[in-house]
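Commentary on secondary and tertiary structure
Listed below are the residues making up each chain.
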Amino acid sequence: MPEKRDKNGLTEKEFLENYTDSIYEKPSVTVDILVLTVDESISKLKVLLVKRDEHPYLNQFALPGGFIKPDETAYQAAARKLYEETGLKGIYLDQVYTFTKPGRDPRGWVMSIAYLALVPGQIECNTGAMWFDLEITQGKIKLSNKESYAQITYGIKDETFKNGRITYENWVAGQISEDGLAFDHVEIIIESVLKLRSTFEHSNQAFNMVGETFTLPDLQALYELVLGKNLYKTNFRAMVAPGIEATGGKIKSRTKGKMSAEYRYIEK
């Protein structure tokens, strides 16, 4: 079979030998990771932030992340950066969104692929990484760390967007506190939380945020905390029943403070 030739009479091999991409401007690409967990009493969401020790945004807090290397995928880069920041491997990572807004990074044209990492507790991290409480209330998103007295607050409002025939609402942040997060990382937090809420109730993501075993009151508290709403006990237990099994033992509930039946996740 004769080789295919383009309009200039070139084969693919000849085309590639003469090809140059110098005519195209190239962005740098980073990954940024929202590491999310809950506190011991499953009453607050916790996110991991690092204090930047270099320009831009010197001494401001940011999500963990970094540039993607030429020999790795975005997922591999996110896993690598998570390991460098926390020492953890095999952690649940979900790609959230690609952030491409012009001017989002003062260093130049930098795109970021955001990932959500779900972990079962406040793991010890490298120097410079700190756990912040994440509180989302009507019209406000607040990040705070009691040990350092750091607090970052944004106003959030609903705005309407149209995509084809579909109209939808999304949160848009406006800064309140003097020192906000670096880059557009509050937008990454918003998009990550909204995406998680849209999938959490009908997926097994929750089991990445509990230990190897758990109680049903604690599991329900986790769902309610992430979703930002109360769930009916009977309906909730019917929903999670296919993915769990009783161990036959009892453990102390983190939310109730008393002994409850112990369960574990079973992969379908």
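Now for a description of the structure that goes with this document. (Residues numbered from 1 in each chain as written. Predicted model: local features only at pLDDT ≥ 70, side-chain atom pairs only at ≥ 80, totals over all residues. Heavy atoms only, no water.)

1. So, the overall build of the protein
Broken down by element type, the protein carries five helices and 13 strands. Dimensions of the protein along its principal axes, counting C-alpha atoms only, are 75 × 55 × 45 Å. Taking all 268 residues of the protein together, the buried fraction comes to 41%. Long-range pairs, those at least 24 residues apart, make up 55% of the contacts in the protein with a sequence separation of at least 6. Of the accessible surface of the protein, which amounts to about 15900 Å², a share of 49% is contributed by carbon and sulfur atoms. For the protein, the centre of its 34 positive side-chain charges and the centre of its 37 negative side-chain charges are spaced 6 Å apart. (Helix = DSSP H or I, 4+ residues; strand = E, 2+ residues; numbered from the N terminus. Buried < 20%, exposed > 50% of the residue type's maximum accessible area, 1.4 Å probe, protein only. Contact = heavy atoms within 4.5 Å. Areas by Shrake-Rupley, 256 points an atom, 1.4 Å probe, with all protein chains shown as cover. Lys, Arg positive; Asp, Glu negative; His and termini not counted. Charge placed at Lys NZ, Arg CZ, Asp CG, Glu CD.)

2. So, the pairing of strand β2 (residues 45-51)
Extensive coverage of β2 is indicated by the burial of six of its seven residues. The turn joining strand β1 (residues 28-38) and β2, which pair antiparallel and follow one another in sequence, is formed by six residues; a positive phi near 55 degrees is taken by I42. Of the pairings in the sheet, the one linking β2 to strand β7 (residues 129-137) comprises six bridges and is antiparallel in character. Note that in β7 the partner of L49 across the bridge is M130. (Pairing = 2+ DSSP bridges.)

3. Regarding the packing of helix α3 (residues 185-200) against helix α4 (residues 216-227)
Orientation of α3 relative to α4, taken along the N-to-C sense of each, is 135 degrees, at an axis distance of 9 Å. For the element pair α3 / α4, the angle class is oblique. Only L222, Y223, V226 and L227 of α4 make contact with α3, whose side of the interface consists of L196, R197 and F200. Of the residues assigned to the contact of α3 with α4, the class counts are six nonpolar, no polar and one charged. (Axes fitted to C-alpha atoms, helices over the stretch in contact; angles between N-to-C directions. Parallel < 35°, antiparallel > 145°, perpendicular 65-115°, else oblique. Nonpolar A, V, L, I, M, F, W, Y, C, P; charged D, E, K, R; others polar.)

4. Regarding the sheet that holds strand β13 (residues 259-265)
Two modes of strand pairing occur in sheets, parallel and antiparallel, and in both the strands are linked by backbone hydrogen bonds. Across the sheet, which stays open at both edges, the three strands sit in the order β11-β13-β12 with antiparallel pairing between neighbours. The two strands at the open ends of the sheet, each matched to only one other strand, are β11 (213-214) and β12 (244-252). When β12 meets β13, the two strands line up antiparallel, connected through six bridges. Counterpart to K250 in the pairing with β13 is A261.

5. What to know about the side chain of R52
Topologically, R52 is positioned in the loop between β2 and β3 (61-62). Here R52 occupies a buried position and makes no salt bridge, while the nearest side chain of opposite charge, E54, is found at 4.1 Å. The residues contacting R52, other than those within four sequence positions of it, are Y57, L58, N59, Q60, A62, R107, A182 and F183. (Salt bridge = Lys/Arg side-chain N within 4 Å of Asp/Glu carboxyl O.)

6. Some details on unusual backbone geometry
Across the junction of H55 and P56, the peptide omega takes the value -5 degrees, indicating a cis bond. Within the secondary structure, P56 is located in the loop between β2 and β3. Positive phi is not limited to glycine here, since F183 has a value of about 55 degrees. Take F183: it is sitting in the loop between β10 (166-175) and α3.

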